[in-house]
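Structure assessment
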Amino acid sequence: MMAFDLALFADKLRRYCKQFEVTNDEISQRTGISLERLNGLAAQESEPTGDEVLILADFFKCDYKFFISNEKLAPFEQTELLFRKYGDKLTRDDRWAIQEFLFLCECQYFLLSSMSDYRPHPFKFEKTGHIYKEHGVAAAAALRRHLGYEPHKVPMDIYDDFRKIGIHVFRRRLIKSSISGLFIRHPVVGPCVLVNYTEDVFRQRFSAAHEAAHAILDDESDFVISFSAWDKEDLSEIRANAFASHLLMPPEFLKKIPVRVWDLSQVLDWAVKLMVNIDPLLYALCALGLMSTSEMNQIKKRRVRLDKKSDPELPENLSPRARTRKEELLKRGLSDFYVKLCFDAFENGIISGGRLAEMLLITEPEIMEIAALYGRGMGHVN
């Protein structure tokens, strides 16, 4: 049996504290581990107990084995580099939000691996040539074929589509609204995509496709973060936009729309049907020669906003209280898909009530309320 590596443990603890801008005093207050004890662990004066390792892992939302192993069991290096590169663009709350998002990805990976009726269908795309935009166009067409879509078929539930190919996609509120989304390649669970829930629901949909493009096409990158105001010379971003546009608005479909002369009302109508914002639709129509540049600019000058956007996870028939509670969950990354997956695992005896609460980022007393919200019976929670 190998001796416990105090230096490794202390180094990881120190670097995690730096990543999330947290002090030993704060950790002590929130975990119950004394400040003296934490200082001693950081100074390599003593070995942590098994309970202390579990408590710290729970606090930092990571696999407990991460603290005691040299294996890459957590996206530690990715987040460290991410926060170092974009430290001035990420608040402390956003850093914790990203860590919680990665925790949800790990939980989802475990649950899906444990549920025998789920088998992802991985999608691989080999880039050819050196024109980035064409990579995005070709990858979107290849993915549509992989998913069994007809050339003119418009994908409506892209979140489900991305889950089918093994991408863990979550929507989560970030304080820094200039961030549209990010992609992180987790060393264990694979590609993880976070979409900023503060953006409007149609923009979230486009951002999800954009980040999925990074997961598929930027295979040499451990992470990519996308901002609302992006560098127009960034070829990787151009490629991701081309992918998202062609996936959500397939050219074959746009060409079949029975409109010969586009006006604002028609653009608004079809934008709602396609669940995209006005500008992406205008650019797609213009690129296909279905609208002139002058027509596009005239419509853009009107600066009209869509007002018929609806979130499929917040249907109109929800009561005001249920709607508010469900929106709170969505802001924390808890999609319908993920919540139902957690309850299915509980009902099948895969996880305990305590683990269910942990995976849902709630306390055990809240479980009954969430169960009622989703129409799930709990029976005896243990």
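Here the structure is shown first, and the text comes after it.
Summary of the structure given here. (Residues numbered from 1 in each chain as written. Predicted model: local features only at pLDDT ≥ 70, side-chain atom pairs only at ≥ 80, totals over all residues. Heavy atoms only, no water.)

Here we come to the pattern of salt bridges. Counted by the stated rule, this structure contains 25 salt bridges. The partner of aspartate 200 in a salt bridge is lysine 309, with the nearest N and O atoms 3.0 Å apart. Pair noted here: aspartate 200 is in the loop between strand 3 (190-196) and helix 9 (201-217) and lysine 309 is in the loop between helix 14 (293-301) and helix 15 (320-331), with a separation of 109 residues, a long-range link. Judged by relative accessible area, lysine 309 falls into the partly exposed class, the value being 26%. Salt bridges sharing common partners tie together Asp11, Arg14, Arg15, Glu80 and Arg84. (Salt bridge = Lys/Arg side-chain N within 4 Å of Asp/Glu carboxyl O. Helix = DSSP H or I, 4+ residues; strand = E, 2+ residues; numbered from the N terminus. Buried < 20%, exposed > 50% of the residue type's maximum accessible area, 1.4 Å probe, protein only.)

Next up on the list: helix 4 (residues 50-59). Within the span of helix 4, buried status applies to Glu52, Val53, Leu56, Ala57 and Phe59. For helix 4, the arc enclosing every buried residue in end-on projection is 160°, short of the 170-degree limit, so these residues lie on one face. For helix 4, the exposed residues lying more than 90 degrees away from the buried face are Gly50 and Asp51. Taken together, the buried residues of helix 4 touch helix 1 (6-19), helix 2 (24-31), helix 3 (35-42) and helix 6 (92-114). Positive backbone phi, at 55°, marks lysine 61, one or two positions downstream of helix 4. (Arc of directions from axis to C-beta. Contact = heavy atoms within 4.5 Å.)

A few words on the side chain of histidine 135. Mapping histidine 135 onto the fold places it in helix 7 (residues 132-146). Here histidine 135 falls in the buried class, since its relative accessible area comes to 5%. With residues up to four places along the chain from it excluded, the contact list for histidine 135 reads Phe125, Lys127, Thr128, Gly129, His130, Leu217 and Arg239.

Attention now goes to the side chain of histidine 210. Relative to the assigned elements, histidine 210 resides in helix 9. A polar contact is formed between the side chain of histidine 210 and the side chain of histidine 214, at a distance of 3.2 Å. Every residue in contact with histidine 210, bar those within four places of it in the chain, is listed here: Ser226, Glu237, Ala240, Asn241 and Ala244. (Polar contact = N/O pair within 3.5 Å; in protein donor to acceptor, adjacent residues only side chain to side chain.)

For the rest of this paragraph, the subject is the sheet that holds strand 3. The sheet built from four strands is open, its strands ordered 1-3-2-4 with mixed pairing. A strand with exactly one partner marks an edge of an open sheet, and here the two such strands are strand 1 (168-172) and strand 4 (223-227). Between one strand axis and the next, the sheet turns through 15° on average, direction left out of account. Bridging between strand 2 (residues 179-186) and strand 3 involves six bridges; their strand directions are antiparallel. (Pairing = 2+ DSSP bridges. Axes fitted to C-alpha atoms, helices over the stretch in contact; angles between N-to-C directions.)

If you look at the biggest cluster of nonpolar residues, it comprises 69 residues, and the most contacted ones within it are Tyr16, Phe60, Phe67, Ile98, Tyr338, Phe343 and Leu356. For this core, the leading source of residues is helix 6, giving eleven residues. Non-local contacts of phenylalanine 60, meaning those with residues more than four positions away in its chain, are made with Leu13, Tyr16, Cys17, Phe20, Val22, Ile27, Phe67, Trp96 and Gln99. (Core = buried A, V, L, I, M, F, W, Y, C linked by side-chain atoms within 4.5 Å.)

Once that is clear, we can look at unusual backbone geometry. One non-glycine residue, glutamate 21, lies in positive phi territory at about 50°. As for its placement among the helices and strands, glutamate 21 is situated in the loop between helix 1 and helix 2. Glutamate 21 sits in the partly exposed class, given a relative accessible area of 41%. For methionine 275, which is not a glycine, the phi torsion comes out positive at approximately 60°. In this structure, methionine 275 sits in the loop between helix 12 (264-274) and helix 13 (278-287).

This next bit is on a nonpolar patch on the surface. Side chains of Leu54, Tyr64 and Ile68 sit close together on the surface and give an oily, nonpolar patch of about 270 Å² of accessible area. Along the chain, tyrosine 64 turns up in the loop between helix 4 and helix 5 (76-85). Since its relative accessible area comes to 38%, tyrosine 64 is described here as partly exposed. (Patch = residues over 30% accessible without salt bridge, like charges linked within 9 Å, V, L, I, M, F, W, Y side chains within 5 Å. Areas by Shrake-Rupley, 256 points an atom, 1.4 Å probe, with all protein chains shown as cover.)

Bringing the packing of aromatic side chains into the picture now. The full count for this structure, using the stated rule, is 19 aromatic pairs. Note on tyrosine 16 and phenylalanine 67: the rings are 6.2 Å apart at their centroids and 70° apart in plane angle, and the pair reads as edge-to-face. With tyrosine 16 in helix 1 and phenylalanine 67 in the loop between helix 4 and helix 5, the pair connects residues that are 51 residues apart, well separated along the chain. This pair shows no difference in class: tyrosine 16 is buried, exactly as phenylalanine 67 is. An angle of 85° between the planes, with centres 4.9 Å apart, marks the rings of phenylalanine 59 and phenylalanine 60 as edge-to-face. Note on phenylalanine 59: relative accessible area 8%, which makes it buried. Given a relative accessible area of 0%, phenylalanine 60 falls into the buried group. (Phe/Tyr/Trp six-rings, centres within 6.5 Å; stacked < 30°, edge-to-face > 60°.)

As far as function goes, none of this settles anything; it's purely spatial.
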